[in-house]
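Coordinates in review
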Amino acid sequence: MLDCNEGVGGVKNVFFANWEFFSSGITLDANGIIDGLPGVAGSVDVFQYQPNRNTGAVTVVPTANLENGTLYYDQTVELTLGKLSNDKKKELEQMSKAKLIVFVELYDNQIVCVGRTDGAFLTTGSYQSGKAKGDLNGYQITVNAQEPGQPDFLEAFTAVPFDNFAGITVVQ
């Protein structure tokens, strides 16, 4: 039975990590669900960001070229982070120079992996403090990956994201 009308949109959290640490060691079960991530006893860090309310999104668009017989999936993650700060500025500068892997926690408590095969890159972003007091004071970020398949889902966590992957440490 399909769960057609039981979904909820939006992004709860976004976790970024250096793609290099995940370039090997990811395993999938028979259904294509990620059931293994690299690392032992908290040896790999993923950095958690919580987007401002109703600003996070993940979009996947298949791109086919019939003449060339090619297909890839354009995977895009968008988020807005509030409050300008020097620490956040430094982190975002480092991310803009890195090849990333991105784990997106959806509001239905599923996590999808963006950039698993070829990595993801921070492609656009802005640093803003608006004109009016109610305007954004923060960052708008877009991360993009072009992958041979759609994002894979991670095995369901028990209580908090990544609690079922011993090698992963979540850094907030």
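Everything numeric here is computed off the predicted structure, so don't read it as measured data.

What counts, and where the lines are drawn
- Residues numbered from 1 in each chain as written.
- Predicted model: local features only at pLDDT ≥ 70, side-chain atom pairs only at ≥ 80, totals over all residues.
- Heavy atoms only, no water.
- Helix = DSSP H or I, 4+ residues; strand = E, 2+ residues; numbered from the N terminus.
- Buried < 20%, exposed > 50% of the residue type's maximum accessible area, 1.4 Å probe, protein only.
- Polar contact = N/O pair within 3.5 Å; in protein donor to acceptor, adjacent residues only side chain to side chain.
- Contact = heavy atoms within 4.5 Å.
- Core = buried A, V, L, I, M, F, W, Y, C linked by side-chain atoms within 4.5 Å.
- Pairing = 2+ DSSP bridges.

Another aspect to go through is the side chain of threonine 76. As for its position among the elements, threonine 76 is in strand E6 (residues 70-82). We classify threonine 76 as buried; its relative accessible area is 15%. In this structure the side chain of threonine 76 is engaged in a polar contact, spanning 3.2 Å, whose partner is the side chain of asparagine 144. Those residues in contact with threonine 76 that sit more than four places away from it in its chain are Ala57, Val58, Thr59, Thr142, Val143 and Asn144.

Counting 21 residues, the largest nonpolar core has Phe16, Val77, Leu79, Val102, Val104 and Ile141 as the members making the most contacts within it. Those elements that place two or more of their residues in this core are strand E1 (11-18), E6, helix H1 (86-96), strand E7 (100-106), strand E8 (111-114) and strand E10 (137-147).

Turning our attention to the pairing of E1. Of all eight residues in E1, six are buried, a share of seventy percent or more. As paired elements, E1 and E7 share seven bridges and run antiparallel to each other. Bridge assignment links alanine 17 to a residue of E7, and that residue is isoleucine 101. Relative to strand E4 (residues 44-49), E1 is paired through three bridges, and the arrangement is antiparallel. Across the sheet, phenylalanine 15 pairs through a bridge with glutamine 48, a residue of E4.

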